[in-house]
Amino acid sequence: WFDELLTRYEAEPKRWNWFGQHLLGRFRTDDPKIRAKLLKLAGDDDTYLGLVALQGLLTTGPWHDPGARKFDDLEAMKLLRKRLASNDADRVRSVLFLLSYNKTGGSGNQDMRSHYVPELNAVLFHEDEGIRRQARGVAQWLDEKYAQGLAEQLVDAFEKSDDVQTKLAALRAIAAMK
């Protein structure tokens, strides 16, 4: 069925986009052939379906298991990090939410966690305040060992900068972290 969906989507993207988004957004697989096709689809930066495919790749495997700290798909992580490093605000905004998750699968904030990637540092100083706010939301759920390192980098940025906006962004990011 997966190949059939991709064939239909490629032939008529507008018609199959909504269905594909909802299906892939809940899709989980460890099948290497299907994961390769998801990776190819995820590499398409210009479609929302590509983002949903990336989400499917990143939410399959150990990184959503409680206590897990490794992303299981290095190629998918390269795509995520590429989007985070993009100059396109929409691309950055589209993937920030993928870094946070609820470790128990519930809905309470007490179980929220975030995964750290080095690109988060730069996103905390992004020119768009909405993106900075979203990045602070990710930073607040970081594991203590990552939060400490990030806080040290933020203090360093604050101390070395003469720019008021940079100092303010650093202070806000530090204040958001738990």
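Each residue is numbered by its place in its chain's sequence as written, counting from 1. Note on the predicted model: pLDDT of at least 70 is required for a residue's local features to be given, and 80 or more for side-chain atom pairs to be given and counted; whole-chain, interface and lining totals, by contrast, use all residues. Think of the side-chain values as coming from all heavy atoms in the structure, minus any hydrogens and water.

Draft legend 1. View of the environment of Asp128. Counting from the N terminus, the helices are the DSSP runs of H or I reaching at least four residues and the strands are the DSSP runs of E reaching at least two. Tracing the sequence through the fold places Asp128 in the loop between helix 7 (119–123) and helix 8 (129–139). Since its relative accessible area comes to 25%, Asp128 is described here as partly exposed. When checking whether two residues touch, look at their non-hydrogen atoms; a contact exists if any pair is within 4.5 Å. If near-sequence neighbours (up to four positions away) are discounted, Asp128 is found in contact with Ala89 and Arg93. Any pair of nitrogen or oxygen atoms within 3.5 Å is treated as a polar contact; in protein, a donor-acceptor pairing is required on top of that, and neighbouring residues in sequence qualify only through side-chain atoms on both sides. Engagement of the side chain of Asp128 in a polar contact is seen with the side chain of Arg93, the distance being 3.0 Å. Only protein chains enter the accessibility calculation, which uses a 1.4 Å probe. A residue is then buried if its area is under 20% of the maximum for its type, exposed if over 50%, and partly exposed in between.

Draft legend 2. Summary view of the environment of Phe19. Here Phe19 lies in helix 2 (residues 13–24). Look at Phe19 and you get partly exposed, because its relative accessible area is 38%. The spacing of Phe19 and Leu49 is 30 residues in sequence and 9.8 Å in space, taken between C-alpha atoms.

Draft legend 3. Quick look at the side chain of Asn121. For Asn121, the location among the structural elements is in helix 7. Using a relative accessible area of 15% as the deciding quantity, one classes Asn121 as buried. Here Tyr116 takes part through its side chain, which lies 2.8 Å from a polar atom of the side chain of Asn121. Not counting chain neighbours up to four residues away, the residues in contact with Asn121 comprise Tyr116, Leu150 and Gln153.

Draft legend 4. Expanded view of the packing of helix 3 (residues 32–42) against helix 4 (residues 48–58). Axis separation between helix 3 and helix 4 bottoms out at 7 Å; the angle between their running directions is 140 degrees. The orientation of helix 3 relative to helix 4 falls into the category oblique. Crossing geometry of helix 3 relative to helix 4 is assigned as left-handed. From helix 3, Arg35, Leu38, Leu39, Leu41 and Ala42 reach across to helix 4, where they touch Leu49, Gly50, Ala53, Leu54 and Leu57. Of the residues that constitute the contact of helix 3 with helix 4, the class distribution is eight nonpolar, one polar and one charged. The axes are straight lines fitted to the C-alpha atoms, using for helices just the contacting stretch, and the angles between their N-to-C directions are given from 0 to 180°. An angle below 35 degrees is treated as roughly parallel, one above 145 as roughly antiparallel, one from 65 to 115 as roughly perpendicular, and anything else as oblique. If you view the pair so one helix is near and one far, a crossing is left-handed when the near helix is turned anticlockwise from the far one by less than a right angle, and right-handed when it is turned clockwise. Residue polarity follows a fixed list, in which Ala, Val, Leu, Ile, Met, Phe, Trp, Tyr, Cys and Pro are nonpolar, Asp, Glu, Lys and Arg are charged, and the others, Gly among them, are polar.

Draft legend 5. Main features of the packing of aromatic side chains. Stacked, tilted and edge-to-face are the three classes assigned to paired rings of Phe, Tyr and Trp, where Trp is represented by its six-membered ring and a pair needs centres within 6.5 Å; plane angles under 30 degrees give stacked, over 60 edge-to-face, the rest tilted. Counted by the stated rule, this structure contains one aromatic pair. Placement of a charge over a ring requires the Lys NZ or Arg CZ to be within 6 Å of the ring centre, with the centre-to-atom vector within 35 degrees of the ring normal. The aromatic ring of Phe158 is capped on one face by Lys167, whose charged end is 4.2 Å from the ring centroid.

Draft legend 6. Structural context of the confidence of the model for the protein chain. pLDDT gives the predictor's per-residue confidence on a scale running from 0 to 100. Residues of the protein chain with pLDDT of at least 70 account for 81%, and the chain-wide mean is 81. Averaged pLDDT values over the elements of the protein chain bottom out at 70 in strand 1 (residues 100–102) and peak at 96 in helix 10 (residues 164–176). A low-confidence stretch, residues 62–70 (pLDDT under 50), is modelled with 24 contacts involving residues beyond four sequence positions or located in other chains.

Draft legend 7. Geometry of the packing of helix 9 (residues 144–160) against helix 10. In contact at an axis separation of 8 Å, helix 9 and helix 10 are set at 155 degrees when each is read in the N-to-C sense. As far as their axial angle goes, helix 10 and helix 9 are roughly antiparallel. In the packing of helix 9 onto helix 10, the handedness of the crossing is left-handed. When helix 9 is examined against helix 10, the residues Ala151, Leu154, Val155, Ala157 and Phe158 are found in contact with a partner set consisting of Thr166, Lys167, Ala170, Leu171, Ala173 and Ile174.

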